[in-house]
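Observations on chain architecture
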Amino acid sequence: MTIIPKTMKGVQLIGHGGSEMLQYRNDIPVPALTLTENDLLIHVAAAGMNNTDINTRTAWYSKSESNSSDASWSGNALTFPRIQGADVCGIVVAVGSNVSAKRIGECVLIEPCIREANSQQLKSPWYFGSECDGGFAEYTVVAAKHAYAVDSPLSDIELASFPCSYSTAENMLSRANVIDGEIVLISGASGGVGSAAIQLAKARGAYVIAITSPSKNQQLLELGADRVVSRDNDLIEILGENCIDVVIDLVAGKQWPEFLQLLKPGGRYAVSGAIGGAIVELDIRTLYLKDLSFFGCTVLKSGIFQNLIDYIEKGKIKPIVAHNFPLEEVSTAQDVFLSKKHVGKIVLNISHK
């Protein structure tokens, strides 16, 4: 029988701002007492890091310069203190009254886009670690429907690299309906979502062109990209107009108008990030004269996370872990993350041995 302690180690976000807002503690109450009938208590082994963690901390999501009343992932005010962390791999150690006790002992990955909390259906989805506490702690609670059992020889740290990035990438490819033989352009291709999108687009039979810095070219080619181009290049000059079926964009920024020039008539554009800048210039004539389709991709479509679990268990995708850090070094980990010199994911080691 697993003995569940009363307190745990974890990192609390205590307000918007710099990394000084991340407070490591060893006396946070274990959320076992908040377990409702449809919930699981999970002993967290490892948790990956994402742009969302940084964006939430800095209030990047807020469109208001005067306050942070819309600074969470869902567009509402964030409640502090908040335990962040959406990419969670762990072991089920307790279950609510409506959940089979057979689930205790399962190794699970948490679906980061959640539709149920406190045994109640949500009116609009939450992001795990934003609207509710997440995985940057030794224990976390989530609805049973959002914890997927996974059978894999991969380590906890490797498994924790999958949930957010790979489900986001799979969701984008699914929304844009990428099919065999199409040409797909991926911006920000060396990051967690970008490197996942390379693998998942190749699994669909696409020809993949990845945009990154020259120092990462070889790594992305080894990952499966068919061609790599520098983010500093004039993409129109290098690739030519009307040559791309689908753009998977994680960057936006000043280069954004080129993406629409690159798309073939009837092309599709899917976006789930704006690390290069959120405000872009759109010539609306390009949109309608080329019959383009735009897809904003945040909420996961039904079946996306199960697709990811299937890919993992069949060995069709591989984890790309650039670095892992102990939980108490979360600030250092975020500094390394923000340097953008890595390929793949940065993972926090919570209780993995």
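In the block above lies the structure referred to throughout.
1. Some points on the pairing of strand β6 (residues 113-117)
In terms of burial, β6 is a largely internal element, 4 of the 5 residues being buried. Taken together, the 4 bridges between β6 and strand β7 (residues 120-127) define a ladder with antiparallel strand orientation. For Cys-113, the partnering residue across the bridge sits in β7 and is Tyr-127.

2. Quick look at unusual backbone geometry
Cis geometry is found at the peptide bond from Phe-80 to Pro-81, where omega equals -5°. Position of Pro-81 relative to the elements: it lies in the loop between α1 (51-58) and β4 (87-95). Here Ala-59, not a glycine, exhibits a phi torsion of approximately 65°, which is positive. Checked against the element boundaries, Ala-59 lands in the loop between α1 and β4. A positive phi is found at Lys-340, a non-glycine position, where the angle reads about 55°. Note on placement: Lys-340 falls in the loop between α10 (330-339) and β17 (345-349). On the accessibility criterion, Lys-340 (31% relative accessible area) is partly exposed.

3. As for the packing of α1 against α10
Across the interface, α1 lies against α10 with an axial gap of 11 Å and an inter-helix angle of 110°. Looking at the two axes, α1 sits roughly perpendicular to α10. Facing α1, whose interface residues are Asn-51, Asp-53, Ile-54 and Arg-57, α10 presents Gln-334, Phe-337 and Leu-338. In the contact of α1 with α10, the residues fall into 3 nonpolar, 2 polar and 2 charged.

4. Comments concerning the packing of aromatic side chains
Applying the stated criterion to the full structure yields 6 aromatic pairs. Pairing Trp-256 with Phe-294 gives two aromatic rings, centres 6.1 Å apart and planes at 85°, and the pair type is edge-to-face. Within this pair, whereas Trp-256 is found in helix α7 (residues 256-262), its partner Phe-294 is found in strand β15 (residues 293-296), the two being separated by 38 residues in sequence. By relative accessible area, Trp-256 is classed as buried at 5%. In textbook terms, an aromatic cluster arises when at least three aromatic residues are bridged by ring pairs, as seen for Trp-256, Tyr-269 and Phe-294.

5. Some details on the side chain of Ser-230
Relative to the helices and strands, Ser-230 resides in strand β12 (residues 227-230). At 3.1 Å, the side chain of Ser-230 and the backbone nitrogen of Asp-232 are in polar contact. Setting aside residues up to four positions removed in sequence, Ser-230 forms contacts with Ile-211, Thr-212, Pro-214 and Leu-235.

6. What about the environment of Val-343?
Looking at the element boundaries, Val-343 is found in the loop between α10 and β17. As for Val-343 and Ala-189, which are separated by 154 residues in sequence, their C-alpha atoms are 8.5 Å apart. Among all residues touching Val-343, those that are not within four sequence positions of it are Ser-190, Lys-216, Gln-219, Leu-220, Ile-320 and Ala-322.

7. Here's the deal with the sheet that holds β15
Spatially, the 6 strands line up as an open sheet ordered β12-β11-β10-β13-β14-β15, and their pairing is parallel. Unpaired on one side and paired on the other, β12 and β15 mark the two borders of the sheet. Sheet twist, expressed as the mean angle between neighbouring strand axes with direction ignored, is 20°. Where strand β10 (residues 183-186) lies against strand β11 (residues 207-212), 4 bridges are found, and the strand directions are parallel. Bridge pairing in β11 places Leu-185 opposite Ile-209. With respect to the sheet, helix α3 (residues 163-175) is in contact with β13 (244-249), β14 (263-271) and β15, its orientation differing from that of β13 by roughly 150°.

About the thresholds
Residues numbered from 1 in each chain as written. Predicted model: local features only at pLDDT ≥ 70, side-chain atom pairs only at ≥ 80, totals over all residues. Heavy atoms only, no water. Buried < 20%, exposed > 50% of the residue type's maximum accessible area, 1.4 Å probe, protein only. Helix = DSSP H or I, 4+ residues; strand = E, 2+ residues; numbered from the N terminus. Pairing = 2+ DSSP bridges. Axes fitted to C-alpha atoms, helices over the stretch in contact; angles between N-to-C directions. Parallel < 35°, antiparallel > 145°, perpendicular 65-115°, else oblique. Contact = heavy atoms within 4.5 Å. Nonpolar A, V, L, I, M, F, W, Y, C, P; charged D, E, K, R; others polar. Phe/Tyr/Trp six-rings, centres within 6.5 Å; stacked < 30°, edge-to-face > 60°. Polar contact = N/O pair within 3.5 Å; in protein donor to acceptor, adjacent residues only side chain to side chain.

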